[in-house]
Amino acid sequence: MTDLDSKPAETHLAPLSHATLPGWAPWATVVVGLVVGAIVGGVMLGGGVVATVVVAWLVVVLALPLWSRAVEGGRKGTDRLVTVLVWSTFGLAMIPLVSLTWQVVSKGVGILSPQFFQNSMAGVLGSGGGIYHALMGTLIITALATLISVPIGVLTAVYLVEYGKNNTFSRIITFLVDVMTGIPSIVAGLFAYALFVAFFGPGVKMGFAGSIALSVLMIPVVVRSTEEMLKLVPADLREASYALGVPKWRTITKVVMPTAVAGIVTGVTLAVARVAGETAPLLLTAGLTNYVNFNPFDGRMTTLPVFIYYAIKEPGIYAEEMTAYAWGAALVLVVIVMALNVVARVIGGVFAPKTGR
Amino acid sequence: MAKSIDVSDLNIYYGDFLAVEGVNISIKARAVTALIGPSGCGKSTFLRSLNRMHEVIPGARAEGKVMVDGQDLYASDVDPVAVRRQIGMVFQRPNPFPTMSIYENVLAGKRLNAKKLKKSEADDLVEKSLRGANLWTEVKDRLGKPGMGLSGGQQQRLCIARAIAVEPEVLLMDEPCSALDPISTAAIEDLIHDLKSDYTIVIVTHNMQQAARVSDDTGFFNLRATGEPGQLVEFNPTKKMFTNPDNESTESYISGRFG
Ligand SMILES: Nc1ncnc2c1ncn2[C@@H]1O[C@H](COP(=O)(O)OP(=O)(O)OP(=O)(O)O)[C@@H](O)[C@H]1O
Ligand SMILES: [Mg+2]
């Protein structure tokens, strides 16, 4: 039986403190590594920055774990090694992101001006043009695609999670959604184009056709993310609601959806960000124009990615100006996508169920 | 308007698995009926079949008769939603709505059913229900705060307040005090006493003293053997159950010799 009076045995206790490397040790290793790297890699081998970094990395990855092993013991040494490797892969992964951002910003920022946002390319040869038409095209086509995809996607997910319960029909839908997820965007574009050709004849181009193509890409993403979010709502909450005599549809609209709304909105926003940069399907469906067009149901409508594509591919004689326009448009597009991601995070935070202690 | 419940030959399934078999029981109106028995013998399952919450679980179904005021709950023309409005339930685990404040949680039964309440009526109902669940003094200054911000025991009392706010005729409670301290437990037991004059109450408990203190009748559930369905072994007035039970296994369970 338990004996509260007996003292714990004082022998056998391992010491709780060990020798540790000072806090500056990793940084010191990095500095030493860089110095060695510069001397050995940069000067002796003549490899420049790349060789410097590679040699520095080799020094750090060898020296720090060995130093730690000597001072702190085996487990800490392994820990240091893995830490270095994790940071290295992180750094590796950051290289494309940082260099992409740097490229886009440095090449695109020069062209930005109020004029760049206010003008279209109508009648512009060389300088003086802008992306107003493409910006509006992107906003209108993506907004329409969202309007189409969100109700369809969310309601499909509600059916699958709340009503389907793994019956044959819902399994077929899930399969089709999976297939849709893998559809290449050009095929979605071809589909929308063929659909509109059937109604309006060959060569048809309109913004709405682009929205349809984007919806084909968006719907499966919305279905999937909404489904996951709805599944996360605990069954206890549904039962609590049923036990109060609340019908199922009210339980879904008033209890399940509000609980999951943060995740659903985040998923939708990310899906929007994803399709906002689509090019191929819009080339086929919405086409290119230099004019502003606010009517998605009539005539060509340019979006930012399509504008960039043509500015690089067919710049004509004003190649320099067109390239500058393309980078400016690319910067704007990246900013829009990043802003959407930030919005998704903010919305997720605002709607998330509060614990509020 | 409390109602009596007559159950006859009730078999309860999870898919093909027969969880509870052949229950016959008469639950009196305006009385407290306690259900006791070892873990896994089907007390919660049986309780949930009394307001058609059981069938919410995919594949779950019940066969037999549950007569409330002469009406069979499992007749084909009975709307389970209507049943649940009259027969409220408090769950084993507290489950306040995370998107709602304390105030809204109490009113959830009304609001979710789109009942219009005047502000003053709503305030009164919230206060009355929270007082009934012995939670009012603790939360009266933070009614607008999220219900999830309460401690586990407070959440359970919030769920009790939520259940009594819709004024059901029967109240089913599945181990309502298992997460509560002795003071809140005493308060809930007082509450059960008070509610008894208006409601029919069925309470599942693992606490023998509690069953003895609050209930008029007691039902003892047990498994015949592991893997076999649970069944109602004995159903008698509480006094008789705890002094002179008919069944041997009841006696050994109550006196703590097994289970
Ligand atoms: N959702 C479910 N699906 C399948 N079987 C279940 C489910 N819930 C419970 N069971 C089974 O039904 C039987 C009775 O379970 P029940 O929850 O009613 O027990 P209990 O008497 O309430 O136990 P406790 O005192 O631990 O709460 C058990 O064998 C259990 O494994
Ligand atoms: Mg139980």
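Predicted model, so just to flag it, every value in this text is computed and none were measured.

The rules behind each value
- Residues numbered from 1 in each chain as written.
- Chains lettered and ligands numbered in written order.
- Predicted model: local features only at pLDDT ≥ 70, side-chain atom pairs only at ≥ 80, totals over all residues.
- Heavy atoms only, no water.
- Contact = heavy atoms within 4.5 Å.
- Buried area = accessible area lost by both parts, 1.4 Å probe.
- Salt bridge = Lys/Arg side-chain N within 4 Å of Asp/Glu carboxyl O.
- Polar contact = N/O pair within 3.5 Å; in protein donor to acceptor, adjacent residues only side chain to side chain.
- Helix = DSSP H or I, 4+ residues; strand = E, 2+ residues; numbered from the N terminus.
- Expected span 1.5 Å × (residues − 1).
- Buried < 20%, exposed > 50% of the residue type's maximum accessible area, 1.4 Å probe, protein only.
- Arc of directions from axis to C-beta.
- Donors = N, O, S within 2.8 Å, 3.2 Å for Na, K, Ca; no water.

Participant: I tried to follow the interface of chain B and chain A on my own but got confused; where do I start?
Facilitator: By a widely used convention, the size of an interface equals the accessible area lost when the partners come together. Opposite the 32 residues of chain B that make contact, chain A presents 22 residues. Of the roughly 2200 Å² buried at the junction of chain B and chain A (both faces included), carbon and sulfur atoms supply 63%. B:Arg93 serves as the salt-bridge partner of A:Asp236, at 3.3 Å between the closest nitrogen and oxygen. On inspection of chain B and its partner chain A, the count reaches 6 residue pairs in polar contact (both at pLDDT 80 or more). Of all the secondary structure elements, the ones that give two or more residues to the side of chain B that touches chain A are helix H2 (80-86), strand S6 (87-90), helix H3 (102-111) and helix H6 (152-165) of chain B.

Participant: Where do I start with helix H6 (residues 168-181) of chain A in this structure?
Facilitator: Note: α-helices contain 3.6 residues per turn, so residues at a spacing of three or four share the same orientation. Residue and element names in this part refer to chain A. Counted at 1.5 Å a residue, the expected span for H6 with its 14 residues is 20 Å, and the 20 Å between its end C-alpha atoms agrees. Buried within H6 are the following residues: Ser 170, Ile 173 and Val 177. Buried residues along H6 cover an arc of 55° about the axis, so they all sit on one side. In this structure, H6 carries Thr 168 and Phe 175 as exposed residues pointing more than 90 degrees from its buried face. Packed against the buried residues of H6 are helix H5 (132-164) and helix H8 (207-232).

Participant: Which parts of the structure should I look at to understand the side chain of A:Thr303?
Facilitator: All names here are of chain A. Residue position: Thr 303 is located in the loop between helix H11 (280-285) and helix H12 (304-313). Taking relative accessible area as the criterion, Thr 303 reaches 2% and is therefore assigned buried. When sequence neighbours within four positions are dropped, the list of residues in contact with Thr 303 reads Ala 134, Gly 137, Thr 138, Ile 141 and Leu 282.

Participant: Just to check I follow, could you spell out the coordination of the magnesium ion (ligand 2) for this structure?
Facilitator: Ideal geometry at a metal centre: 109.5 degrees between donors when four sit tetrahedrally, and 90 or 180 degrees when six sit octahedrally. Residues and elements named next belong to chain B. Protein-derived coordination of the magnesium ion (ligand 2) comes from Ser 44 (OG) and Gln 92 (OE1), at a distance range of 1.9 to 2.5 Å. Linking Ser 44 in helix H1 (residues 43-49) with Gln 92 in the loop between S6 and H3, this pair joins segments that are 48 residues apart in sequence. Residue classification places Ser 44 among the partly exposed residues on the basis of a relative accessible area of 21%. Note on Gln 92: relative accessible area 35%, which makes it partly exposed.

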